Amino acid sequence: MMTHRFGDHGDDVGLLQRRLIRAGYPLDVTHLYDDATESAVIALQKKTGLVDDGVAGPKTLAALATGQRDPKHLALADLVAAADRLGVPLACVRAVNEVESNGSGFLTGGRPVILFERHIFWKRLQARGIDPAPIAAKYPNILSQTRGGYMGKAAEYSRLASAELIDAGAAYESASWGAFQVMGYHWERLGYSSIDELVARMEDSEGDQLDLFVRYVAADAALLSALKGRKWAAFAKGYNGPDYARNLYDAKLAQAYLKYAGTDKAAA
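Nothing here was measured: the structure is a model prediction, and the numbers come from that model.

Q: Would you mind showing me how to read the overall build of the protein here?
A: Counting secondary structure elements, the protein contains 14 helices and three strands. Compactness check: the protein gives a C-alpha radius of gyration of 20 Å against a globular reference of 18 Å for 268 residues, within 12% of the reference. Taken over the C-alpha atoms alone, the protein extends approximately 65 × 40 × 35 Å along its principal axes. For the protein, buried positions account for 46% of its 268 residues. When contacts within the protein are restricted to residue pairs at least 6 apart in sequence, those whose partners lie at least 24 apart make up 54%.

Structure representation (structure tokens):
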């Protein structure tokens, strides 16, 4: 299912406009995702409780079809609560949600998004007293001292399943989970009773996935300080690692923050 945003054009945008018109939003079918289309999408998102970013992705299209938000999908109220817990402006959390999340915490089949890290699996097996070297010779795609082996999307669950046969707990700890891709091995210091609880929560909703992100930031004084001070380079480096600048994470965060700070101020 395609995602459309301001500036897009084509037949799919025209179809979206027709669907919005049928839902009661006054529009012209221009086949251009213009100001009026974005305003209609935002109005729909606000009405259904979705994050009102003006982007028509799968969650917005689902709400357009049913007239309500899927409870598993992230709500604006979730972002408001997260900002309150972290003690930062709402625009900060909105910016991070736009830039650092992948837009959806679930795959098409309903399972949470994951990325299995074979080099982390090596370390988690060692932490359990298991020598990974002889196993890695047979399964280099899921066990190695170097990153890699990625298959992406649903195929990551095939890698996870193979790792589970070796040690399920270590396997779950070696995947990053949900929309904000926080590694499972952080479960204990972030206050979960077990890795199984963390995984179950990730399967419940994007709100729970956001809660994992909030716990992760709150537990890191430097990361929280960077977010509070809107020091985007420091935040992006702490969250994404030293290669953050390659993907312009800091610049994207700064731009998104300014956009949402202006929007929130205007709404107030």
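Q: Just checking my understanding: could you explain the sheet that holds strand 2 (residues 175-177) for this structure?
A: Across a sheet, paired strands are connected by hydrogen bonds in the backbone, their directions being either parallel or antiparallel. If you walk across this open sheet you meet the three strands as 1-2-3, and the pairing is antiparallel. Every other strand in the sheet has two partners, leaving strand 1 (114-116) and strand 3 (182-183) as the edge strands with one partner each. In this structure, strand 2 lies alongside strand 3, joined through two bridges in antiparallel fashion. Opposite W177, over in strand 3, you have V182 as the bridge partner.

Q: Mind showing me how you'd approach the pattern of salt bridges here?
A: Close approach of charged atoms lets side chains of opposite charge pair. Under the definition given, this model contains 13 salt bridges. The partner of E156 in a salt bridge is R159, with the nearest N and O atoms 2.9 Å apart. Of the two residues, E156 and R159 are both situated in helix 8 (residues 156-164); the distance of three residues between them amounts to about one turn of the helix. Considered together, E156 and R159 belong to a single accessibility category, that of buried residues. Put simply, D243 and R246 hold a salt bridge, and the shortest N to O gap is 3.9 Å. Residue class for R246 comes out exposed when judged on its relative accessible area of 68%. Among the ionic contacts, a cluster of salt bridges with common partners joins R85, E197, R201, D208, D211 and R215.

Q: Mind showing me how you'd approach helix 12 (residues 221-228) here?
A: One turn of the α-helix equals 3.6 residues, which is why residues spaced by three or four share an orientation. Among the residues making up helix 12, those that are buried are L223, L224, A226 and L227. Seen from one end, helix 12 has its buried residues packed into an arc of 160 degrees, which puts them on one side. Within helix 12, the exposed residues directed more than 90 degrees away from the buried face are A221 and A222. Summarising the contacts, the buried residues of helix 12 are in contact with helix 4 (76-86), helix 5 (90-100), helix 11 (206-218) and helix 13 (232-240). Between a side-chain oxygen at the N-terminus of helix 12 and the backbone nitrogen of A222 the separation is 3.2 Å; the capping residue is D220. Positive backbone phi, approximately 55 degrees, marks R230, located one or two places after helix 12.

Q: Honestly, unusual backbone geometry in this entry has me stumped. Any pointers?
A: Note: most residues except glycine have negative phi, and most peptide bonds are trans. The phi dihedral of H31 is positive, around 65 degrees, even though this residue is not glycine. In this structure H31 comes out as partly exposed when scored by relative accessible area, which is 27%.

Thresholds, definitions, all that
- Residues numbered from 1 in each chain as written.
- Predicted model: local features only at pLDDT ≥ 70, side-chain atom pairs only at ≥ 80, totals over all residues.
- Heavy atoms only, no water.
- Helix = DSSP H or I, 4+ residues; strand = E, 2+ residues; numbered from the N terminus.
- Rg over C-alpha atoms; globule rule 2.2 N^0.38 Å.
- Buried < 20%, exposed > 50% of the residue type's maximum accessible area, 1.4 Å probe, protein only.
- Contact = heavy atoms within 4.5 Å.
- Pairing = 2+ DSSP bridges.
- Salt bridge = Lys/Arg side-chain N within 4 Å of Asp/Glu carboxyl O.
- Arc of directions from axis to C-beta.
- Polar contact = N/O pair within 3.5 Å; in protein donor to acceptor, adjacent residues only side chain to side chain.

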